[in-house]
Amino acid sequence: QQQVKQSPQSLIVQKGGIPIINCAYENTAFDYFPWYQQFPGKGPALLIAIRPDVSEKKEGRFTISFNKSAKQFSLHIMDSQPGDSATYFCAASKATGRRALTFGSGTRLQVQP
Amino acid sequence: GAVVSQHPSWVICKSGTSVKIECRSLDFQATTMFWYRQFPKQSLMLMATSNEGSKATYEQGVEKDKFLINHASLTLSTLTVTSAHPEDSSFYICSARDQGYNSPLHFGNGTRLTVT
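1. Details of the pattern of salt bridges
Residues and elements named next belong to chain A.
Right, so step 1: As enumerated under the stated definition, the model contains six salt bridges over all chains in all.
Right, so step 2: One salt bridge in this structure joins Glu26 and Lys5, with 4.0 Å as the shortest N-O distance. Note that Glu26 is positioned in the loop between β3 (20-25) and β4 (30-38) and Lys5 in strand β1 (residues 4-7), a separation of 21 residues in sequence.
Right, so step 3: Taking the relative accessible area as the measure of exposure, Glu26 reaches 32% and is therefore partly exposed.

2. A look at the sheet that holds β1(A)
All names here are of chain A.
Right, so step 1: Spatially, β1-β3-β8-β7-β6 is the arrangement adopted by the five strands of the open sheet, whose pairing is antiparallel. Of all strands in the sheet, those bounded by a partner on one side alone are β1 and β6 (56-59). Looking at each pair of strands side by side, their axes are set apart by 15° on average, direction ignored.

3. Considering the side chain of B:Thr78
Right, so step 1: Turning to its location among the elements, B:Thr78 is positioned in strand β8 (residues 76-81).
Right, so step 2: Here B:Thr78 is in contact with B:Lys20, B:Ile21, B:Glu22, B:Trp35, B:Leu68, B:Ile69 and B:Asn70, once residues within four sequence places are set aside.

4. A word on the environment of B:Ser89
All names here are of chain B.
Right, so step 1: In this fold, Ser89 is placed in the loop between β8 and β9 (90-97).
Right, so step 2: Among the residues examined, Ser89 registers a relative accessible area of 23% and is labelled partly exposed.
Right, so step 3: Taking the C-alpha atoms as reference, Ser89 lies 9.8 Å from Val11; in sequence the two are 78 residues apart.
Right, so step 4: Those residues in contact with Ser89 that sit more than four places away from it in its chain are Arg37, Phe39, Leu113, Thr114 and Val115.
Right, so step 5: Only 2.9 Å separates the side chain of Ser89 from the backbone oxygen of Pro86, close enough to count as a polar contact.
Right, so step 6: In terms of polar contacts, Ser89 uses its side chain to reach the backbone amide nitrogen of Val115, at 2.8 Å.

5. Some thoughts on the interface of chain B and chain A
Right, so step 1: Each side of the interface is counted separately: chain B has 22 residues, and chain A has 20 residues.
Right, so step 2: Here chain B meets chain A over a buried area of about 1800 Å², counting both sides, of which 51% is carbon and sulfur.
Right, so step 3: For the side of chain B that touches chain A, the elements supplying multiple residues, two or more each, are β4 (32-38), β5 (44-51), β9 and β10 (105-107) of chain B.

6. Comments concerning the nonpolar core
Right, so step 1: Counting 24 residues, the largest nonpolar core has A:Phe33, A:Trp35, A:Phe73, A:Leu75 and A:Tyr88 as its most contacted members.
Right, so step 2: Elements supplying a minimum of two residues to this core: β2 (10-14), β3, β4, β5 (45-50), β7 (62-67), β8 (72-77), β9 (86-94) and β11 (107-112) of chain A.
Right, so step 3: Here this core takes four residues from β9(A), the largest share from any one element.
Right, so step 4: Ignoring sequence-local partners within four residues, the contact set of A:Phe73 consists of A:Ile21, A:Asn22, A:Cys23, A:Tyr25, A:Phe33, A:Trp35, A:Ser65, A:Phe66, A:Cys90 and A:Ala91.
Right, so step 5: Ranked by size, the runner-up nonpolar core spans 23 residues in total, among them B:Phe28, B:Ala30, B:Ala48 and B:Ala56.

About the thresholds
Residues numbered from 1 in each chain as written. Chains lettered and ligands numbered in written order. Predicted model: local features only at pLDDT ≥ 70, side-chain atom pairs only at ≥ 80, totals over all residues. Heavy atoms only, no water. Salt bridge = Lys/Arg side-chain N within 4 Å of Asp/Glu carboxyl O. Helix = DSSP H or I, 4+ residues; strand = E, 2+ residues; numbered from the N terminus. Buried < 20%, exposed > 50% of the residue type's maximum accessible area, 1.4 Å probe, protein only. Pairing = 2+ DSSP bridges. Axes fitted to C-alpha atoms, helices over the stretch in contact; angles between N-to-C directions. Contact = heavy atoms within 4.5 Å. Polar contact = N/O pair within 3.5 Å; in protein donor to acceptor, adjacent residues only side chain to side chain. Buried area = accessible area lost by both parts, 1.4 Å probe. Core = buried A, V, L, I, M, F, W, Y, C linked by side-chain atoms within 4.5 Å.

Following this line, the structure appears as structure tokens:
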């Protein structure tokens, strides 16, 4: 059972564009939703995270929008740059217990110069 | 910020041998660490939860006798792939979080295992 569904699988934008990556979750016990960036051969690096008590969070060029009723959240990258080309993963975890992350399937983003 | 160090970054071994991967939290103590596995162009799949001072908790379908986990201290967890086979070739990544409810999960840089 895929608990976190991510789309699109891949995305190509021009420099300066605003790629949007979407995720949907099923488990209402999830209460922590981070986004990770991964470059080839490296481990994922935390970009930004949100909890369900807010609908939007901004950190630099990265924005998370969160819709609790729809059980969806998305990542927006403002003024995208070629250096943003990477694979992006959304994830979710519960508030209690081990709090291990369940990851989405990933989105390969390519920002063209 | 919190740093998780993983070693080695890559390893090649022959079928039937065992390989140990180390995961260290460098500037914080971690009572819990997580081991993930990632196949090329795929997502991260949780293999097991490493608990300091107690047995690891394995996800369904992960062979505990094949993937031995030892969390000997608050800063070190090891994953040993025993009797490795070519199908065990993968990217193994550990992660840990500092103590505190809002602490994020930080990942090591992964270990690329190739079994020949």
